[in-house]
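Analysis of the macromolecular model
The residues making up each chain are set out below.
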Amino acid sequence: MTNQAIAERLVALLREGKFTNVYDELFHDDAHHIEPQSQFFSDVKGVEAIKVKDATMSEHITGIESMEVGDAIVASKHIAIHYKLKAILKDGNFMSLDEIIIYEINDGKIISEQFFY
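Residues numbered from 1 in each chain as written. Predicted model: local features only at pLDDT ≥ 70, side-chain atom pairs only at ≥ 80, totals over all residues. Heavy atoms only, no water.

Section: helix α1 (residues 3–15)
A rise of 1.5 Å per residue sets the reference length of α1, with its 13 residues, at 18 Å; its end C-alpha atoms lie 18 Å apart and thus fit the reference within 8%. Those residues of α1 lying buried are N3, I6, A7, L10, V11, L13 and L14. The buried side chains of α1 occupy one side of the element, clustering within an arc of 165° when seen end-on. Packed against the buried residues of α1 are α2 (19–26), β3 (61–69), β4 (73–74), β5 (78–89), β6 (94–106) and β7 (109–116). Following α1 by one or two positions, G17 adopts a phi angle in the positive range, close to 75°. (Helix = DSSP H or I, 4+ residues; strand = E, 2+ residues; numbered from the N terminus. Expected span 1.5 Å × (residues − 1). Buried < 20%, exposed > 50% of the residue type's maximum accessible area, 1.4 Å probe, protein only. Arc of directions from axis to C-beta. Contact = heavy atoms within 4.5 Å.)

Rendered as structure tokens:
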């Protein structure tokens, strides 16, 4: 799969909210999640551990007010996507994310994702 094809599939799945499909279809088993700003999930290794991270975060969300996934910017080994989310948390508070996600590609699979917000 070309980087452009990966980018198009990634954006389509994200826009549909099919995050597990993203990991199952596009990520390498040994992928690396990097989010230095997070006190809980700053450095997660392995696609199964990344899925657990997402499930743990989702447990605190009761609803999505809005989600925007920008068009992908594709470079030789990287894909960049602008991502915005407004969610309602179980405690009644709101969470807003406005971030850029950089994905690194190697041999047709995503080997890392890094979040900047």
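Some details on the packing of α2 against helix α3 (residues 47–58)
Interaxial distance between α2 and α3 falls to 11 Å at its minimum, and their mutual angle equals 175°. Taken together, the axes of α2 and α3 are roughly antiparallel relative to one another. Only V47, I50, K51, K53 and D54 of α3 make contact with α2, whose side of the interface consists of F19, Y23 and D24. Residue composition of the contact of α2 with α3, by class: 4 nonpolar, no polar and 4 charged. (Axes fitted to C-alpha atoms, helices over the stretch in contact; angles between N-to-C directions. Parallel < 35°, antiparallel > 145°, perpendicular 65-115°, else oblique. Nonpolar A, V, L, I, M, F, W, Y, C, P; charged D, E, K, R; others polar.)

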